[in-house]
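Each chain is listed here by its residues.
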Amino acid sequence: MKSLNVLPLVILGTVMGAIIGVLLVVLRTLPEEASAQARSIDDLYAAFLLFSGIIFGIVVLVMLVAIFRFRARPNDTRDGSNVHGITWLEVVWTVIPFILVAAVAFVSWPLLNENNVSGAAEKSGQRIHITGYQFGWKYTYLNEDIGIKDSQDLVVPVNVPIGFDITTMDVMHSFWVPAWRMQMGATPAQTNYASATPSKIGEFEIVCAFLCGVGHTQMNSAVEGALVTKVKVVSQADFDKWVADTKAKAAAA
Ligand SMILES: [Cu+2]
(Lines give C-alpha, C1' and ligand atoms only; values in the text may rest on other atoms or scores of the structure.)
Protein backbone atom coordinates (compact mmCIF):
# COMPACT_ATOMS: atom_id res chain seq x y z
CA MET A 1 0.00 0.00 0.00
CA LYS A 2 1.26 3.48 -0.79
CA SER A 3 1.90 5.81 2.09
CA LEU A 4 2.38 9.51 2.49
CA ASN A 5 5.24 11.12 4.38
CA VAL A 6 3.29 13.84 6.16
CA LEU A 7 6.00 15.64 8.14
CA PRO A 8 7.73 17.43 5.22
CA LEU A 9 4.28 18.41 3.92
CA VAL A 10 3.35 19.87 7.32
CA ILE A 11 6.58 21.89 7.38
CA LEU A 12 6.12 23.12 3.81
CA GLY A 13 2.42 23.79 4.47
CA THR A 14 3.31 25.84 7.57
CA VAL A 15 5.72 27.99 5.55
CA MET A 16 3.25 28.47 2.67
CA GLY A 17 0.39 29.12 5.07
CA ALA A 18 2.45 31.64 7.05
CA ILE A 19 3.21 33.49 3.79
CA ILE A 20 -0.52 33.50 2.91
CA GLY A 21 -1.32 34.67 6.46
CA VAL A 22 1.22 37.51 6.34
CA LEU A 23 -0.09 38.58 2.91
CA LEU A 24 -3.66 38.63 4.25
CA VAL A 25 -2.56 40.68 7.26
CA VAL A 26 -0.64 43.16 5.09
CA LEU A 27 -3.21 43.41 2.29
CA ARG A 28 -6.38 43.41 4.40
CA THR A 29 -8.63 46.34 3.73
CA LEU A 30 -10.49 46.96 6.96
CA PRO A 31 -12.50 50.12 7.53
CA GLU A 32 -10.83 52.90 9.49
CA GLU A 33 -10.46 52.40 13.24
CA ALA A 34 -12.81 54.86 14.90
CA SER A 35 -13.14 53.58 18.45
CA ALA A 36 -10.77 53.17 21.39
CA GLN A 37 -11.32 49.39 21.14
CA ALA A 38 -10.76 48.95 17.39
CA ARG A 39 -6.95 48.61 17.47
CA SER A 40 -6.89 45.69 19.89
CA ILE A 41 -9.65 43.89 17.95
CA ASP A 42 -7.69 44.34 14.72
CA ASP A 43 -4.51 43.00 16.32
CA LEU A 44 -6.40 39.92 17.48
CA TYR A 45 -7.90 39.57 14.01
CA ALA A 46 -4.42 39.72 12.45
CA ALA A 47 -3.16 37.02 14.84
CA PHE A 48 -6.13 34.78 13.95
CA LEU A 49 -5.56 35.40 10.24
CA LEU A 50 -1.95 34.28 10.55
CA PHE A 51 -2.98 31.27 12.59
CA SER A 52 -5.77 30.34 10.13
CA GLY A 53 -3.39 30.81 7.20
CA ILE A 54 -1.00 28.23 8.66
CA ILE A 55 -3.80 25.70 9.23
CA PHE A 56 -5.10 26.38 5.72
CA GLY A 57 -1.60 25.82 4.26
CA ILE A 58 -1.12 22.47 6.01
CA VAL A 59 -4.62 21.10 5.29
CA VAL A 60 -4.70 22.13 1.64
CA LEU A 61 -1.17 20.95 0.85
CA VAL A 62 -1.65 17.52 2.47
CA MET A 63 -5.03 17.19 0.74
CA LEU A 64 -3.73 18.10 -2.74
CA VAL A 65 -0.73 15.77 -2.46
CA ALA A 66 -2.99 12.93 -1.21
CA ILE A 67 -5.48 13.49 -4.05
CA PHE A 68 -2.64 13.25 -6.57
CA ARG A 69 -0.82 10.35 -4.95
CA PHE A 70 -3.81 8.11 -4.28
CA ARG A 71 -5.71 8.84 -7.51
CA ALA A 72 -7.21 5.92 -9.46
CA ARG A 73 -5.14 4.95 -12.50
CA PRO A 74 -6.93 4.22 -15.80
CA ASN A 75 -8.57 0.75 -15.82
CA ASP A 76 -8.07 0.32 -12.06
CA THR A 77 -11.59 -0.58 -10.90
CA ARG A 78 -10.67 -2.11 -7.53
CA ASP A 79 -12.44 -0.82 -4.43
CA GLY A 80 -10.40 0.88 -1.75
CA SER A 81 -9.61 -1.18 1.35
CA ASN A 82 -12.30 -0.97 4.02
CA VAL A 83 -10.77 0.86 7.00
CA HIS A 84 -12.96 0.71 10.07
CA GLY A 85 -11.69 3.21 12.61
CA ILE A 86 -8.20 4.25 13.71
CA THR A 87 -8.48 5.23 17.36
CA TRP A 88 -5.23 7.19 17.67
CA LEU A 89 -6.08 9.24 14.56
CA GLU A 90 -9.57 10.01 15.84
CA VAL A 91 -8.13 11.12 19.18
CA VAL A 92 -5.63 13.37 17.38
CA TRP A 93 -8.24 15.02 15.16
CA THR A 94 -10.47 15.66 18.16
CA VAL A 95 -7.79 16.91 20.57
CA ILE A 96 -6.02 19.29 18.14
CA PRO A 97 -9.18 21.28 17.19
CA PHE A 98 -10.20 21.31 20.86
CA ILE A 99 -6.87 22.89 21.83
CA LEU A 100 -7.09 25.39 18.95
CA VAL A 101 -10.63 26.49 19.79
CA ALA A 102 -9.80 26.71 23.52
CA ALA A 103 -6.71 28.84 22.70
CA VAL A 104 -8.87 31.21 20.64
CA ALA A 105 -11.30 31.54 23.56
CA PHE A 106 -8.47 32.10 26.05
CA VAL A 107 -7.10 35.09 24.16
CA SER A 108 -10.49 36.52 23.08
CA TRP A 109 -12.30 36.42 26.40
CA PRO A 110 -10.00 38.79 28.35
CA LEU A 111 -9.89 41.21 25.42
CA LEU A 112 -13.69 41.31 25.14
CA ASN A 113 -13.89 41.95 28.88
CA GLU A 114 -11.28 44.67 28.69
CA ASN A 115 -13.13 46.30 25.77
CA ASN A 116 -16.44 46.28 27.63
CA VAL A 117 -16.99 49.90 28.74
CA SER A 118 -20.62 49.44 29.80
CA GLY A 119 -19.66 50.20 33.41
CA ALA A 120 -17.87 53.41 32.46
CA ALA A 121 -20.81 54.38 30.24
CA GLU A 122 -23.14 53.89 33.17
CA LYS A 123 -21.04 56.20 35.38
CA SER A 124 -19.86 58.94 33.07
CA GLY A 125 -20.97 58.21 29.53
CA GLN A 126 -24.12 57.79 27.50
CA ARG A 127 -26.59 54.95 27.65
CA ILE A 128 -28.66 54.37 24.56
CA HIS A 129 -31.46 51.88 23.96
CA ILE A 130 -31.61 50.58 20.40
CA THR A 131 -34.73 48.95 19.00
CA GLY A 132 -34.46 47.12 15.71
CA TYR A 133 -37.45 46.68 13.43
CA GLN A 134 -38.16 45.69 9.84
CA PHE A 135 -36.32 47.70 8.52
CA GLY A 136 -34.56 50.28 10.65
CA TRP A 137 -33.35 51.28 14.11
CA LYS A 138 -34.82 53.57 16.76
CA TYR A 139 -32.63 55.16 19.43
CA THR A 140 -33.75 56.19 22.89
CA TYR A 141 -31.27 58.10 25.05
CA LEU A 142 -31.50 56.79 28.59
CA ASN A 143 -29.49 59.46 30.47
CA GLU A 144 -32.05 61.46 32.40
CA ASP A 145 -30.74 64.86 31.32
CA ILE A 146 -31.20 63.93 27.66
CA GLY A 147 -34.50 62.07 27.35
CA ILE A 148 -34.68 61.78 23.56
CA LYS A 149 -37.06 59.00 22.56
CA ASP A 150 -37.28 56.95 19.36
CA SER A 151 -34.85 59.06 17.36
CA GLN A 152 -34.17 57.87 13.82
CA ASP A 153 -30.67 59.38 14.03
CA LEU A 154 -27.83 58.18 16.18
CA VAL A 155 -25.63 61.07 17.29
CA VAL A 156 -22.96 60.54 19.96
CA PRO A 157 -20.20 62.60 21.56
CA VAL A 158 -16.58 61.69 20.80
CA ASN A 159 -14.29 60.08 23.42
CA VAL A 160 -17.19 59.21 25.70
CA PRO A 161 -17.99 55.58 26.53
CA ILE A 162 -21.38 54.57 25.16
CA GLY A 163 -23.36 51.62 26.48
CA PHE A 164 -26.06 50.17 24.25
CA ASP A 165 -29.08 48.05 25.22
CA ILE A 166 -30.20 46.32 22.06
CA THR A 167 -33.52 44.64 21.35
CA THR A 168 -35.96 44.17 18.48
CA MET A 169 -39.69 44.57 17.86
CA ASP A 170 -39.96 41.73 15.35
CA VAL A 171 -37.28 39.40 13.96
CA MET A 172 -33.60 39.08 14.76
CA HIS A 173 -31.35 41.92 13.58
CA SER A 174 -27.75 42.72 14.40
CA PHE A 175 -26.46 46.19 15.12
CA TRP A 176 -23.03 46.64 13.57
CA VAL A 177 -20.76 49.68 13.32
CA PRO A 178 -17.76 48.31 11.42
CA ALA A 179 -15.53 51.33 12.15
CA TRP A 180 -16.02 50.72 15.88
CA ARG A 181 -15.48 46.94 15.46
CA MET A 182 -18.69 46.54 17.44
CA GLN A 183 -21.54 44.19 16.58
CA MET A 184 -24.36 42.80 18.67
CA GLY A 185 -27.39 40.74 17.80
CA ALA A 186 -30.87 42.10 18.49
CA THR A 187 -32.96 39.20 19.78
CA PRO A 188 -36.77 39.23 20.24
CA ALA A 189 -37.89 39.40 23.90
CA GLN A 190 -34.34 39.82 25.12
CA THR A 191 -31.97 42.72 25.78
CA ASN A 192 -28.36 42.40 24.64
CA TYR A 193 -25.57 44.72 25.66
CA ALA A 194 -22.69 46.25 23.76
CA SER A 195 -20.42 49.24 24.22
CA ALA A 196 -17.84 51.36 22.44
CA THR A 197 -15.84 54.54 22.94
CA PRO A 198 -15.95 56.45 19.64
CA SER A 199 -12.53 58.02 19.12
CA LYS A 200 -13.00 59.88 15.82
CA ILE A 201 -15.37 62.63 14.82
CA GLY A 202 -17.22 61.83 11.61
CA GLU A 203 -19.96 59.73 10.08
CA PHE A 204 -19.70 55.95 10.10
CA GLU A 205 -21.74 53.19 8.52
CA ILE A 206 -24.41 51.28 10.44
CA VAL A 207 -25.16 47.85 9.05
CA CYS A 208 -27.66 45.15 10.03
CA ALA A 209 -25.53 42.01 10.08
CA PHE A 210 -28.36 39.45 10.08
CA LEU A 211 -30.45 38.67 7.01
CA CYS A 212 -33.75 39.88 8.45
CA GLY A 213 -36.23 39.93 5.57
CA VAL A 214 -36.87 41.45 2.15
CA GLY A 215 -35.81 44.93 3.29
CA HIS A 216 -32.57 43.79 4.90
CA THR A 217 -30.45 45.86 2.50
CA GLN A 218 -32.36 48.95 3.65
CA MET A 219 -30.71 48.48 7.04
CA ASN A 220 -27.28 49.30 5.66
CA SER A 221 -26.43 53.01 5.64
CA ALA A 222 -23.88 52.41 2.86
CA VAL A 223 -26.69 51.46 0.44
CA GLU A 224 -27.95 54.37 -1.62
CA GLY A 225 -31.47 55.38 -0.55
CA ALA A 226 -31.25 53.30 2.64
CA LEU A 227 -33.61 54.21 5.47
CA VAL A 228 -30.84 53.80 8.03
CA THR A 229 -28.56 56.80 8.45
CA LYS A 230 -24.91 56.74 9.45
CA VAL A 231 -23.93 57.29 13.05
CA LYS A 232 -22.68 60.85 13.62
CA VAL A 233 -19.83 61.23 16.08
CA VAL A 234 -19.52 64.88 17.12
CA SER A 235 -17.79 67.06 19.71
CA GLN A 236 -19.40 67.38 23.13
CA ALA A 237 -20.51 70.95 22.28
CA ASP A 238 -22.14 69.81 19.02
CA PHE A 239 -23.79 66.93 20.85
CA ASP A 240 -25.28 69.27 23.46
CA LYS A 241 -26.55 71.48 20.64
CA TRP A 242 -28.11 68.50 18.81
CA VAL A 243 -29.84 67.44 22.02
CA ALA A 244 -31.25 70.95 22.57
CA ASP A 245 -32.39 71.25 18.92
CA THR A 246 -34.00 67.80 18.89
CA LYS A 247 -35.87 68.50 22.11
CA ALA A 248 -37.02 71.92 20.85
CA LYS A 249 -38.32 70.28 17.65
CA ALA A 250 -40.14 67.60 19.62
CA ALA A 251 -41.69 70.24 21.91
CA ALA A 252 -42.83 72.31 18.90
CA ALA A 253 -44.44 69.26 17.34
CU1 LIG B 1 -32.12 43.82 10.14
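None of these values were measured; they are calculated from a predicted model.

## So, the pattern of salt bridges
Moving on, step 1. If you walk through the whole model with that rule in mind, you get eight salt bridges.
Moving on, step 2. The closest approach of N and O atoms between glutamate 32 and lysine 200, which form a salt bridge, is 3.3 Å. Taken together, the residues glutamate 32 in the loop between helix H1 (6-27) and helix H2 (38-69) and lysine 200 in the loop between strand S7 (192-196) and strand S8 (202-204) connect sequence positions 168 residues apart.
Moving on, step 3. Between lysine 241 and aspartate 245 there is a salt bridge, with the nearest N and O atoms lying 3.2 Å from each other.

## As for the coordination of the copper ion
Moving on, step 1. For the copper ion, the full set of protein donor atoms is His173 (ND1), Cys208 (SG), Cys212 (SG) and Met219 (SD), at a range of 2.1 to 2.5 Å.
Moving on, step 2. Geometry at the copper ion is tetrahedral, judged from its four donor atoms and the angles of 92 to 123 degrees they form at the metal.
Moving on, step 3. Donor residues binding the copper ion come from one chain and are separated in sequence as H-x34-C-x3-C-x6-M. Across this residue pair, the class does not change: cysteine 208 and cysteine 212 are buried.

## Side note on helix H3 (residues 87-115)
Moving on, step 1. End to end, H3 covers 42 Å across 29 residues, agreeing with the expected 42 Å (1.5 Å per residue, within 8%).
Moving on, step 2. Close packing links the buried residues of H3 with H2 and S7.

## Some thoughts on the domain arrangement of the protein chain
Moving on, step 1. Partitioning the protein chain into structural domains gives domain 1 (6-70 + 87-115) and domain 2 (119-252).
Moving on, step 2. Using only C-alpha atoms to locate each centre, domain 1 and domain 2 end up separated by 33 Å.
Moving on, step 3. Summed over both partners, the interface of domain 1 with domain 2 comes to about 920 Å²; 46% of that surface belongs to carbon and sulfur atoms.
Moving on, step 4. The largest per-residue losses of area from domain 1 upon contact with domain 2 belong to Glu32, Ala34 and Ser35, which jointly make up 47% of the total buried on that side.
Moving on, step 5. At the boundary of domain 1 and domain 2, one finds two salt bridges.
Moving on, step 6. Remark: the boundary between domain 1 and domain 2 carries 11 residue pairs in polar contact (both at pLDDT 80 or more).
Moving on, step 7. No other element matches H2, which puts three residues into the side of domain 1 that touches domain 2.
Moving on, step 8. Partitioned by chemical class, the residues of the side of domain 1 that touches domain 2 number six nonpolar, three polar and three charged.

## Observations concerning unusual backbone geometry
Moving on, step 1. For the peptide bond that leads from glutamine 134 to phenylalanine 135, omega is 10 degrees, which places it in the cis range.
Moving on, step 2. When you line up the elements, phenylalanine 135 lands in the loop between strand S1 (126-133) and strand S2 (136-141).
Moving on, step 3. Unusually for a residue other than glycine, asparagine 159 sits at a positive phi of about 60 degrees.
Moving on, step 4. The residue asparagine 159 is located in the loop between strand S3 (155-157) and strand S4 (162-168) in this model.

How each quantity is defined
- Positions within a chain are numbered from 1, following the residues in the order the chain's sequence is written.
- Side-chain atom pairs in this predicted model are given and counted only at pLDDT of 80 or more, local residue features only at pLDDT of at least 70, and totals for whole chains, interfaces and linings cover all residues.
- Values reported for side chains reflect all heavy atoms of the structure, with hydrogen atoms and water molecules removed beforehand.
- A pairing counts as a salt bridge when a side-chain nitrogen of Lys or Arg comes within 4 Å of a carboxyl oxygen of Asp or Glu.
- Helix and strand definitions follow DSSP, with helices as H or I runs of at least four residues and strands as E runs of at least two, each counted in order from the N terminus.
- Think of the donor list as every N, O and S atom within 2.8 Å of the metal, or within 3.2 Å for Na, K and Ca; water never makes the list, so a site can look incomplete.
- Geometry is assigned from the angles between donors: four donors with all angles from 85 to 135 degrees make a tetrahedral site, four or six donors whose opposite pairs exceed 155 degrees while the rest stay between 65 and 115 make square planar or octahedral sites respectively, and everything else is labelled irregular.
- A 1.4 Å probe rolled over the protein chains alone gives each residue an accessible area, and that area as a share of the maximum for its type sets the label: buried under 20%, exposed over 50%, partly exposed in between.
- Any helix carries an expected span of 1.5 Å times its number of residues minus one.
- Note on contacts: a residue pair is in contact if any heavy atoms of the two residues lie within 4.5 Å.
- Those domain boundaries reflect an automatic or database domain assignment.
- A simple way to read buried area is as the amount of 1.4 Å-probe accessible surface that goes missing from two parts once joined, with both sides added.
- Between N or O atoms, a polar contact is any pair within 3.5 Å; within protein, one atom must be a potential hydrogen donor and the other a potential acceptor, and residues adjacent in sequence are included only when both atoms are from side chains.
- In the scheme used here, Gly and all other residues not listed as nonpolar or charged are polar, with Ala, Val, Leu, Ile, Met, Phe, Trp, Tyr, Cys and Pro taken as nonpolar and Asp, Glu, Lys and Arg as charged.

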